[in-house]
Amino acid sequence: MNEEKDMADARTILAHYRASIDNIDAALIHMLAERFRCTKAVGVLKATHGLPPADPAREQQQIARLRQLAKDAHLDPDFAEKFLNFVVREVIRHHEQIAASNGGETKTSLPTA
């Protein structure tokens, strides 16, 4: 009887963990969607003004920043870097597509004000 109760309790706890994981996964998807909405706007701005799709200096700053955030959050910094690199590759791919669909038009300066 004790064993059955322990198993039932374990299943209840497991269900709660899984519900939390499902909520976190949903939040991650929504956050990624919002991030890609922002990076799409960046891609349009870059294409409009003839800026390159990739910005290696910015990418290195972000890697360092996210590695530190990962350390502070007790998350493997190597994993965080791999995840960021995956996202950045996808963003650059989108920026290249935007630039190509913009017909390669370039401007040499950004508007002021």
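Residues numbered from 1 in each chain as written. Predicted model: local features only at pLDDT ≥ 70, side-chain atom pairs only at ≥ 80, totals over all residues. Heavy atoms only, no water.

Below, the discussion takes up the environment of Lys 46. Within the fold, Lys 46 resides in helix α1 (residues 2-48). Classification of Lys 46 by relative accessible area gives buried; the value is 16%. The spacing of Lys 46 and Gln 60 is 14 residues in sequence and 19 Å in space, taken between C-alpha atoms. Residues contacting Lys 46, with those up to four places away along its chain left out, are Leu 51, Pro 52, Pro 53, Ala 54, Asp 55 and His 95. (Helix = DSSP H or I, 4+ residues; strand = E, 2+ residues; numbered from the N terminus. Buried < 20%, exposed > 50% of the residue type's maximum accessible area, 1.4 Å probe, protein only. Contact = heavy atoms within 4.5 Å.)

Turning next to helix α2 (residues 56-72). For α2, with 17 residues, the first-to-last C-alpha span of 24 Å sits near the 24 Å given by 1.5 Å per residue. Gln 62, Ile 63 and Ala 70 are the residues of α2 that are buried. Looking straight down α2, one finds that the buried residues subtend no more than 105 degrees of arc, so they occupy a single side. Every exposed residue of α2 that faces more than 90 degrees away from the buried side is listed here: Ala 57, Gln 60, Gln 61 and Asp 72. Buried residues in α2 make contact with α3 (77-101). Of the residues flanking the end of α2, it is His 74, one or two places downstream, whose phi is positive at about 60 degrees. (Expected span 1.5 Å × (residues − 1). Arc of directions from axis to C-beta.)

Before going further, it helps to spend a moment on the packing of aromatic side chains. All told, the structure shown has 1 aromatic pair when counted by the stated rule. Measuring from ring centre to ring centre gives 6.5 Å for Phe 79 and Phe 83, while their planes differ by 25 degrees; the resulting arrangement is stacked. Placement of both Phe 79 and Phe 83 in helix α3 is noted, with a separation of 4 residues, approximately one turn of the helix. Owing to a relative accessible area of 41%, Phe 83 belongs among the partly exposed residues under this scheme. (Phe/Tyr/Trp six-rings, centres within 6.5 Å; stacked < 30°, edge-to-face > 60°.)

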